[in-house]
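# Fold and geometry: a report
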Amino acid sequence: PAASTQLWIVDVYSLVLAALLVAMGSLGDRIGRRRLLMIGAILCFVLRDAILKYLVARHSGFYLAWVRCLVQLALVAAVVPIVSGVTALKTVHPWLQAGRGACLALTSVVMTIASRWMPLTDIYVIAFASPLIAAMIAIGVLGERPTRLQWLLILTGFAGVLVALNPTAPTAGL
(Lines give C-alpha, C1' and ligand atoms only; values in the text may rest on other atoms or scores of the structure.)
Protein backbone atom coordinates (compact mmCIF):
# COMPACT_ATOMS: atom_id res chain seq x y z
CA PRO A 1 0.00 0.00 0.00
CA ALA A 2 0.96 3.60 -0.53
CA ALA A 3 2.55 5.53 2.32
CA SER A 4 -0.59 7.61 2.89
CA THR A 5 -2.69 4.41 3.07
CA GLN A 6 -0.27 2.86 5.55
CA LEU A 7 -0.41 5.96 7.71
CA TRP A 8 -4.22 5.87 7.58
CA ILE A 9 -4.27 2.21 8.66
CA VAL A 10 -1.98 2.86 11.64
CA ASP A 11 -3.87 6.02 12.64
CA VAL A 12 -7.35 4.51 12.45
CA TYR A 13 -6.28 1.37 14.27
CA SER A 14 -4.67 3.38 17.06
CA LEU A 15 -7.45 5.96 17.28
CA VAL A 16 -10.19 3.33 17.59
CA LEU A 17 -8.32 1.59 20.40
CA ALA A 18 -7.49 4.88 22.12
CA ALA A 19 -11.09 6.10 21.88
CA LEU A 20 -12.32 2.85 23.39
CA LEU A 21 -9.82 3.10 26.23
CA VAL A 22 -10.88 6.66 27.08
CA ALA A 23 -14.58 5.79 26.93
CA MET A 24 -14.04 2.66 28.99
CA GLY A 25 -12.04 4.64 31.57
CA SER A 26 -15.03 6.89 32.18
CA LEU A 27 -17.36 3.90 32.34
CA GLY A 28 -14.96 2.18 34.77
CA ASP A 29 -15.57 4.90 37.32
CA ARG A 30 -19.24 3.93 37.25
CA ILE A 31 -19.23 0.11 37.07
CA GLY A 32 -15.84 -0.88 38.48
CA ARG A 33 -12.39 -1.43 37.03
CA ARG A 34 -12.41 -5.22 36.76
CA ARG A 35 -15.73 -5.41 34.94
CA LEU A 36 -14.64 -2.60 32.70
CA LEU A 37 -11.35 -4.29 31.83
CA MET A 38 -13.21 -7.42 30.79
CA ILE A 39 -15.80 -5.52 28.74
CA GLY A 40 -13.11 -3.33 27.20
CA ALA A 41 -10.89 -6.27 26.33
CA ILE A 42 -13.74 -8.11 24.64
CA LEU A 43 -14.77 -5.03 22.68
CA CYS A 44 -11.17 -4.33 21.65
CA PHE A 45 -10.64 -7.89 20.45
CA VAL A 46 -13.90 -7.99 18.51
CA LEU A 47 -13.42 -4.59 16.91
CA ARG A 48 -9.75 -5.25 16.19
CA ASP A 49 -10.52 -8.49 14.40
CA ALA A 50 -13.48 -7.02 12.49
CA ILE A 51 -11.35 -4.09 11.30
CA LEU A 52 -8.52 -6.48 10.48
CA LYS A 53 -10.87 -8.70 8.45
CA TYR A 54 -11.91 -5.65 6.43
CA LEU A 55 -8.34 -4.39 5.92
CA VAL A 56 -6.71 -7.72 5.07
CA ALA A 57 -8.74 -7.92 1.85
CA ARG A 58 -7.10 -4.69 0.70
CA HIS A 59 -3.62 -4.68 2.26
CA SER A 60 -0.66 -6.92 3.03
CA GLY A 61 -1.31 -9.42 5.82
CA PHE A 62 2.31 -9.13 7.00
CA TYR A 63 2.04 -5.36 7.31
CA LEU A 64 -1.27 -5.56 9.19
CA ALA A 65 0.14 -8.22 11.53
CA TRP A 66 3.14 -5.99 12.19
CA VAL A 67 0.85 -3.05 13.07
CA ARG A 68 -1.26 -5.38 15.23
CA CYS A 69 1.79 -6.56 17.20
CA LEU A 70 3.17 -3.03 17.50
CA VAL A 71 -0.11 -1.64 18.86
CA GLN A 72 -0.44 -4.57 21.29
CA LEU A 73 3.10 -4.02 22.53
CA ALA A 74 2.45 -0.31 23.03
CA LEU A 75 -0.78 -1.00 24.93
CA VAL A 76 0.83 -3.62 27.16
CA ALA A 77 3.80 -1.36 27.86
CA ALA A 78 1.41 1.44 28.81
CA VAL A 79 -1.21 -0.51 30.79
CA VAL A 80 0.83 -3.13 32.70
CA PRO A 81 2.89 -0.63 34.74
CA ILE A 82 -0.33 1.13 35.76
CA VAL A 83 -2.23 -2.04 36.68
CA SER A 84 0.57 -4.26 38.03
CA GLY A 85 3.59 -2.02 38.50
CA VAL A 86 6.85 -1.84 36.56
CA THR A 87 8.14 -5.06 38.17
CA ALA A 88 5.56 -7.03 36.15
CA LEU A 89 7.61 -6.24 33.02
CA LYS A 90 10.78 -7.82 34.44
CA THR A 91 11.57 -11.45 33.76
CA VAL A 92 14.05 -14.01 35.03
CA HIS A 93 14.31 -15.72 31.63
CA PRO A 94 14.39 -13.00 28.93
CA TRP A 95 15.23 -15.45 26.11
CA LEU A 96 12.23 -17.63 26.92
CA GLN A 97 10.03 -14.52 26.92
CA ALA A 98 11.55 -13.44 23.61
CA GLY A 99 10.74 -16.87 22.18
CA ARG A 100 7.22 -16.62 23.52
CA GLY A 101 6.87 -13.19 21.91
CA ALA A 102 8.15 -14.54 18.60
CA CYS A 103 5.56 -17.34 18.74
CA LEU A 104 2.84 -14.78 19.47
CA ALA A 105 4.00 -12.64 16.54
CA LEU A 106 3.99 -15.68 14.25
CA THR A 107 0.49 -16.55 15.43
CA SER A 108 -0.64 -13.00 14.68
CA VAL A 109 0.82 -13.18 11.18
CA VAL A 110 -0.80 -16.54 10.44
CA MET A 111 -4.19 -15.50 11.86
CA THR A 112 -4.09 -12.19 9.98
CA ILE A 113 -3.28 -13.84 6.68
CA ALA A 114 -5.85 -16.60 7.29
CA SER A 115 -8.57 -14.00 7.91
CA ARG A 116 -8.36 -13.09 4.23
CA TRP A 117 -9.89 -16.45 3.27
CA MET A 118 -11.52 -17.82 6.44
CA PRO A 119 -14.47 -16.55 8.49
CA LEU A 120 -13.51 -15.06 11.85
CA THR A 121 -15.55 -17.73 13.64
CA ASP A 122 -13.39 -20.50 12.16
CA ILE A 123 -10.23 -18.65 13.14
CA TYR A 124 -11.52 -18.27 16.71
CA VAL A 125 -12.42 -21.96 16.88
CA ILE A 126 -8.88 -22.91 15.87
CA ALA A 127 -7.40 -20.45 18.36
CA PHE A 128 -9.62 -21.75 21.17
CA ALA A 129 -8.69 -25.34 20.33
CA SER A 130 -4.97 -24.64 20.82
CA PRO A 131 -5.00 -25.07 24.64
CA LEU A 132 -6.64 -28.46 24.18
CA ILE A 133 -4.02 -29.46 21.64
CA ALA A 134 -1.28 -28.24 23.99
CA ALA A 135 -2.72 -30.34 26.81
CA MET A 136 -2.73 -33.44 24.61
CA ILE A 137 0.88 -32.79 23.55
CA ALA A 138 1.89 -32.34 27.21
CA ILE A 139 0.41 -35.76 27.96
CA GLY A 140 2.30 -37.45 25.14
CA VAL A 141 5.58 -35.53 25.12
CA LEU A 142 6.04 -34.42 28.73
CA GLY A 143 4.45 -37.44 30.36
CA GLU A 144 1.85 -35.40 32.23
CA ARG A 145 -0.70 -37.46 34.16
CA PRO A 146 -4.02 -35.58 34.22
CA THR A 147 -6.51 -36.30 36.98
CA ARG A 148 -10.04 -37.43 36.19
CA LEU A 149 -11.27 -33.87 36.63
CA GLN A 150 -8.63 -32.56 34.21
CA TRP A 151 -9.63 -35.23 31.66
CA LEU A 152 -13.26 -34.21 32.07
CA LEU A 153 -12.37 -30.56 31.51
CA ILE A 154 -10.17 -31.35 28.48
CA LEU A 155 -12.92 -33.45 26.88
CA THR A 156 -15.58 -30.86 27.71
CA GLY A 157 -13.46 -28.15 26.10
CA PHE A 158 -12.90 -30.33 23.05
CA ALA A 159 -16.66 -30.97 22.80
CA GLY A 160 -17.19 -27.22 22.89
CA VAL A 161 -14.77 -26.80 19.99
CA LEU A 162 -16.60 -29.50 18.03
CA VAL A 163 -19.92 -27.75 18.62
CA ALA A 164 -18.40 -24.44 17.51
CA LEU A 165 -17.07 -26.01 14.33
CA ASN A 166 -20.56 -26.80 13.13
CA PRO A 167 -23.32 -26.02 15.61
CA THR A 168 -26.09 -26.42 13.03
CA ALA A 169 -25.15 -29.96 11.98
CA PRO A 170 -28.11 -32.36 12.23
CA THR A 171 -25.94 -34.85 14.14
CA ALA A 172 -25.11 -32.32 16.85
CA GLY A 173 -28.50 -32.91 18.43
CA LEU A 174 -29.07 -29.25 19.25
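Keep in mind the model is a prediction, meaning the values are calculated, not measured.

Rules behind the numbers
In this convention, every chain numbers its residues from 1, walking through the sequence in written order. Where totals are concerned, whole chains, interfaces and linings use all residues; where local detail is concerned, this predicted model gives features only for residues with pLDDT of at least 70, and gives and counts side-chain atom pairs only at 80 or more. Side-chain calculation: all heavy atoms of the structure are included, whereas hydrogens and water are not. Helix and strand definitions follow DSSP, with helices as H or I runs of at least four residues and strands as E runs of at least two, each counted in order from the N terminus. Areas reported as accessible are Shrake-Rupley estimates using a 1.4 Å probe. Residue values count occlusion only from the protein chains shown. Centres within 6.5 Å are what make two rings of Phe, Tyr or Trp a pair, Trp counting through its six-membered ring; a difference in plane orientation under 30 degrees is then read as stacked, over 60 as edge-to-face, and the rest as tilted. Comment: the charge-over-ring label is applied if NZ (Lys) or CZ (Arg) is within 6 Å of the ring centre and within 35 degrees of the ring normal. Here, nonpolar core means buried Ala, Val, Leu, Ile, Met, Phe, Trp, Tyr and Cys residues that are tied together by side-chain atoms lying within 4.5 Å of each other. In this scheme, a residue with accessible area under 20% of its type's maximum is buried, one over 50% is exposed, and one in between is partly exposed, where area comes from a 1.4 Å probe on protein chains only. Expected helix span is given by 1.5 Å per residue-to-residue step, counting one fewer step than there are residues. Throughout, a contact is declared for two residues whenever any of their heavy atoms are within 4.5 Å. Points on a 1 Å grid over protein atoms alone make up a cavity when a 1.4 Å probe fits among them but cannot get out, and a pocket when they form an open set with protein on both sides within 12 Å along at least five of seven lines; lining residues each have an atom within 4 Å of a point. Grid points are joined across faces, edges and corners, and a volume is the space filled by probe spheres set on the points. In the scheme used here, Gly and all other residues not listed as nonpolar or charged are polar, with Ala, Val, Leu, Ile, Met, Phe, Trp, Tyr, Cys and Pro taken as nonpolar and Asp, Glu, Lys and Arg as charged.

This part covers the overall build of the chain. Across its full length, the chain carries six helices and zero strands. What you see in the chain, going N to C, is helices and strands ordered as α-α-α-α-α-α. Approximately 12,300 Å² of the chain is accessible, and the part contributed by carbon and sulfur atoms is 73%.

Next up on the list: the packing of aromatic side chains. Under the defined criterion, the tally for this structure stands at one aromatic pair. Positioned over the ring face of Tyr54 is Arg58, at 4.0 Å from the centre of the ring. Over the ring of Trp117 we find Arg116, and its NZ or CZ is 5.8 Å from the ring centre.

One finds Leu52, Leu55, Val56, Tyr63, Leu64, Val67 and Val71 forming the largest nonpolar core, which totals seven residues. Residue assignment for this core shows that the elements contributing at least two residues are helix 2 (33-56) and helix 3 (61-84). Of all the elements, helix 3 adds the most residues to this core, at four residues.

One turn of the α-helix equals 3.6 residues, which is why residues spaced by three or four share an orientation. Over its 21 residues, helix 4 (residues 94-114) runs 30 Å from end to end, which matches the ideal 30 Å to within 8%, given 1.5 Å per residue. Considered for burial, the residues of helix 4 that qualify are Ser108, Val109, Thr112 and Ala114. Of the surrounding secondary structure, the elements contacted by the buried residues of helix 4 are helix 2, helix 3 and helix 5 (120-141).

Below, the discussion takes up empty space enclosed by the protein. A probe as big as a water molecule, rolled over the atoms, marks out the empty space that is left. With the rule as written, the count across this model stands at two cavities of 30 Å³ or more. Computed from the structure, the largest cavity encloses a volume of approximately 70 Å³. In terms of lining, the largest cavity is formed by Asp49, Leu52, Arg68, Met111, Thr112, Ser115, Leu120, Ile123 and Tyr124. Of all elements in the fold, only helix 2, helix 4 and helix 5 reach the threshold of two or more residues within the lining of the largest cavity. Class assignment of the residues belonging to the lining of the largest cavity gives a composition of five nonpolar, two polar and two charged.

None of the figures reported here should be taken as evidence of function without further support.
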